[in-house]
Amino acid sequence: QFVDIKANGPSSIGSDLCLHGFSHVYGLPEHADGLQLRDTRDGEPYRLYNLDVFAYDLYSRLGLYGSVPLLVAHKPDRTLGVFWLNSSETFVNVHYTFQPITDKKDLVKRRRVEPQTDVHWLSESGVIDCVVLLGPSPQQLFTQYAQLTGYQALPPLFALGYHQCRWNYDDEADVKAVDAGFDRHGIPYDVIWLDIEHTDGKRYFTWDAALFPEPAGLQRHLEEKKRKLVVISDPHIKVDPDWSLYCEARDGRHFVKNRQGQIYQGSCWPGESSYLDFSSSDTRAWYSRCFGLDKYKGSTPSLFVWNDMNEPSVFDGPEQTMPKDAVHYGGWEHRELHNLYGFYQHMATVEGLITRSGGLERPFVLSRSFFAGSQRLGAIWTGDNVASWEYLRISIPMLLSLSVAGIAFCGADVGGFVQDPEPELLVRWYQAGALQPFFRGHSAKETKRREPWLFGEEVTAVIRTVIQQRYCLLPYWYTVFHQAHTSGLPPLRPLWVEFPREQSTFTVDNQYMIGGALLACPVTEAGVQEVRVLIPESGEVNQPPGNIYTFQCLHDTRRFYEPMLKLTKRGIKKNHLLEIDLNALIKKMRKNPTFKDTNFLCE
């Protein structure tokens, strides 16, 4: 039983906004729901409160791992945004209505009906700090939001390749065997990951001496092939008076306190733990120094970082998180800045890697928790998903919602984190993941191993082709990320971003644009032999606008092995000619690994 003691008494702030003429609104991640926000009169409001939610419910408005309080409204002639800057627990109600309007200039006094969206914001604490972004185009809106909260960080090129992860690869020999497996089967990849079991008793910044006796040697082994290693670093620190890092954090007053003024303790992976107070700039600076090569023994410049459990997750806390009456630096209660906790850890980690390289190399840091502005730090993913067709299907609108809210470098674990995918589902997930910004295969320790070559040669061949196609498109991905870095326009775009006047696109969330030239429609149902694709209006497509087209997605008589849906049309958008034979390019690359084709570069 938790009793929330409100030191300053109960409080709340709210505001009502009426968006005249709008009947489609988006954003407010993170929720496992469709792209367009639903009317909330039939149930719960959208909740923004960062929580560790294992195998989360689908089509739910409850909060997940991160929060971005940005709502985007769109109609054919205008796009606008409402940014509610508040990091405490927040609820958002959305009501769609149609209001009768009388045209006073019309002598007959005709009445017409105009759509309207009412939005009600309610936060537990803070002040009203609300910004309306006026667009009027989607591109201008994204730029305005980026000017306000920051532009997407430009990822290092390797981060846009394929990542292989598991909780956990057992030891150095296991990592080297998986690495060799990719070479043996001719499957490209760039990064292999280690989860919590690589540490000495869940003490971050350490290595299990029996399982990983030569971590620097392992990293050099990977670096010889231009590959990287990523390790996990969570915000909780094991309570261990014999561990120098714990003592350093305790003596430096770097931990969150309880309301009695003592160091707050909660349960997480190491057992009894204390939580770093990243709201303090001194704590962030100390944490950043922990990533120095002289401090982090066994690390090299090719080691990168994964921030997990940073909502923060507290196994024995209320809703499995930190109590709201915990106290941060400056006397601020946790309730005031809960949704910023993971953002601040992400910030400190990024700064640590930048400092480690002397500012010469761009960092790569993945974070599970996030807030507005996290895009300028790195990547996020959609957390503990399940190996099912439903979770594959929901990953697309989830990533589109993140992209609309500025979090452009995002992805979902390929194959699902928990449970075991059937081969067809795994292949379809690889095909979908290869067409999304962050491309990582990941699985829990209770699941069967699922390296791409463990399902028979036929499945291996398809996954190989899918990943090779991803690498063929890397120059294009890098180009659209540079566009995000300089203009705020996300690589993954709902169709209405590129075709703002085409009303048939406003509710589509099973297909999307990658940049301005590629239209993607992943297969997300079992046993599918064809897919129906909406081709939006374009001046150069010689078909009626807004038509639905049917495309075969089989190859011969096999069930699911056509690696990618190809739409070869002149100019999905003006000034683009994208007629790429990916298979021909793969053959060229096999013959000549240095082959380059600048046609992949956008415009």
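Since this is a predicted model, take the numbers as computed values, not measurements.

Moving on to the environment of leucine 133. Among the secondary structure elements, leucine 133 is positioned in strand S8 (residues 130–133). With relative accessibility at 7%, the residue leucine 133 sits in the buried group. Residues contacting leucine 133, with those up to four places away along its chain left out, are Leu70, Thr79, Leu80, Gly81, Leu141, Gln144, Tyr145 and Leu148.

The biggest cluster of nonpolar side chains holds 138 residues, and the ones touching the most others in it are Trp193, Leu229, Phe364, Tyr430 and Ile514. Here this core gets 10 residues from one element, more than from any other, and that element is helix H8 (residues 389–404). Leaving out residues up to four positions away in the same chain, phenylalanine 364 has contacts with Pro156, Phe158, Ala159, His163, Trp193, Val230, Phe304, Val305, Leu353, Ala379, Phe409 and Phe438. Ranked by size, the runner-up nonpolar core spans 19 residues in total, among them Phe22, Val25, Leu37 and Tyr96.

A separate point is the sheet that holds strand S18 (residues 410–411). Across a sheet, strands are paired by hydrogen bonds formed along the backbone, either parallel or antiparallel in direction. Strand order in the open sheet formed by eight strands is S18-S17-S16-S15-S11-S10-S9-S19, and the pairing between neighbours is parallel. The open sheet terminates on both sides in strands that have one partner only, identified here as S18 and strand S19 (439–441). In this structure, strand S17 (residues 379–381) lies alongside S18, joined through two bridges in parallel fashion. In the strand pairing of S18, tryptophan 381 is matched with glycine 411.

With that out of the way, let us pick up helix H3 (residues 215–223). Of all the positions in H3, only Pro215, Ala216, Leu218, Gln219 and Leu222 are classed as buried. For H3, the angular spread of buried residues about the axis comes to 160°, placing them on one side. Each element contacted by the buried residues of H3 is listed here: helix H2 (172–184), strand S10 (191–194), strand S11 (228–232) and strand S15 (303–307).

Averaged over all residues, the pLDDT of the protein chain is 90; the fraction at 70 or higher stands at 87%. The low-confidence segment residues 539–545 (pLDDT under 50) makes 15 contacts with residues lying over four places distant or belonging to another chain. Confidence over residues 554–603 falls short of pLDDT 50; this stretch has 98 contacts with residues more than four positions distant or in other chains.

Another point: the packing of H2 against H3. To describe two helices that pack against each other, one gives the angle between their axes and the distance between the axes. For the pair H2 and H3, interaxial distance at closest approach is 11 Å and the crossing angle is 5°. Judged by the angle between their axes, H2 and H3 are roughly parallel. Here Glu172, Val175, Lys176 and Asp179 of H2 lie close against H3, whose contacting residues are Pro215, Leu218, His221 and Leu222. A class-by-class count of the residues in the contact of H2 with H3 yields four nonpolar, one polar and three charged.

Of note, serine 299 is situated in the loop between helix H5 (281–289) and S15. A distance of 2.7 Å separates the side chain of serine 299 from the backbone oxygen of tyrosine 296, its partner in a polar contact. Beyond its immediate stretch of four places on either side in the chain, serine 299 contacts Gln219, Gly292 and Leu293.

Most of strand S5 (residues 78–84) is tucked away, with six of its seven residues classed as buried. Both strand S4 (residues 70–75) and S5 contribute to a ladder of six bridges, which runs antiparallel. When the bridges of S5 are listed, valine 72 appears paired with glycine 81. Between S4 and S5, which follow one another and run antiparallel, lie two residues. Here S5 pairs with S8 via four bridges, running antiparallel.

For the structure shown, the criterion picks out 36 aromatic pairs. Considering the side-chain rings of tryptophan 193 and phenylalanine 438, the 6.1 Å spacing of their centres and the 55° angle between planes classify their relative orientation as tilted. Residue tryptophan 193 is found in strand S10, and its partner phenylalanine 438 is found in the loop between helix H9 (423–433) and S19; the two are separated by 245 residues along the sequence. Residue tryptophan 193 is classed as buried on the basis of its relative accessible area of 0%. According to the relative accessible area criterion, phenylalanine 438 is buried, its value standing at 2%. Here the aromatic cluster, defined as three or more aromatic residues joined through ring pairs, consists of Phe158, Trp193, Phe304, Trp306, Phe364, Trp381, Phe409, Phe438 and Phe481. Over the face of the ring belonging to phenylalanine 22 we find lysine 75, whose NZ or CZ atom lies 4.8 Å from the ring centre.

The linkage connecting proline 29 with the following residue, glutamate 30, adopts the cis geometry, with an omega of 20°. Following tryptophan 167, the chain continues into asparagine 168 via a peptide bond in cis, with omega recorded as 5°. With respect to the helices, strands and loops of the structure, asparagine 168 is situated in the loop between strand S9 (162–164) and H2. The backbone phi angle of leucine 28 is positive, close to 55°, even though this residue is not glycine. Checked against the element boundaries, leucine 28 lands in the loop between strand S2 (25–27) and strand S3 (46–48). Since its relative accessible area comes to 0%, leucine 28 is described here as buried. One non-glycine residue, lysine 226, lies in positive phi territory at about 65°.

With that settled, consider the pattern of salt bridges. Enumeration according to the criterion identifies 32 salt bridges in this entry. Residues arginine 449 and aspartate 174 are paired through a salt bridge, measuring 3.1 Å at the closest nitrogen-oxygen approach. Placement of the pair is arginine 449 in the loop between S19 and helix H10 (457–472) and aspartate 174 in helix H2, with a sequence separation of 275 residues. You can call arginine 449 partly exposed: its relative accessible area is 28%. Residue aspartate 174 is classed as buried on the basis of its relative accessible area, which comes to 12%. Ionic contacts of the salt-bridge type, sharing partners, join the residues Asp4, Lys6, Arg47, Glu89, Glu124, Glu319, Lys324, Glu333 and Arg335 into one network.

Before going further, it helps to spend a moment on helix H4 (residues 244–251). Every buried residue belonging to H4 is among Leu245, Tyr246, Cys247 and Ala249, and all of these are buried. Contacts made by the buried residues of H4 are with strand S12 (236–238), strand S14 (271–275) and H5. Note on H4: the residue one or two positions beyond its end, arginine 253, has a positive phi of about 60°.

So, on to the sheet that holds S4. Taken in spatial order, the four strands make up an open sheet running S2-S4-S5-S8, and their pairing is antiparallel. Across the chains shown, the open sheet's two edge strands, defined by having one partner strand only, are S2 and S8. Neighbour to neighbour, the strand axes of the sheet diverge by 20° on average, direction disregarded. One ladder, built from three bridges, connects S2 with S4; its direction is antiparallel. What sits directly across from tyrosine 26, in S4, is valine 72. Along the sheet, helix H1 (residues 138–149) contacts S4, S5 and S8; its crossing angle with S5, the most-contacted strand, is approximately 20°.

About the cut-offs
Residues numbered from 1 in each chain as written. Predicted model: local features only at pLDDT ≥ 70, side-chain atom pairs only at ≥ 80, totals over all residues. Heavy atoms only, no water. Helix = DSSP H or I, 4+ residues; strand = E, 2+ residues; numbered from the N terminus. Buried < 20%, exposed > 50% of the residue type's maximum accessible area, 1.4 Å probe, protein only. Contact = heavy atoms within 4.5 Å. Core = buried A, V, L, I, M, F, W, Y, C linked by side-chain atoms within 4.5 Å. Pairing = 2+ DSSP bridges. Arc of directions from axis to C-beta. pLDDT = per-residue confidence, 0-100. Axes fitted to C-alpha atoms, helices over the stretch in contact; angles between N-to-C directions. Parallel < 35°, antiparallel > 145°, perpendicular 65-115°, else oblique. Nonpolar A, V, L, I, M, F, W, Y, C, P; charged D, E, K, R; others polar. Polar contact = N/O pair within 3.5 Å; in protein donor to acceptor, adjacent residues only side chain to side chain. Phe/Tyr/Trp six-rings, centres within 6.5 Å; stacked < 30°, edge-to-face > 60°. Lys NZ or Arg CZ within 6 Å of the ring centre and 35° of its normal. Salt bridge = Lys/Arg side-chain N within 4 Å of Asp/Glu carboxyl O.

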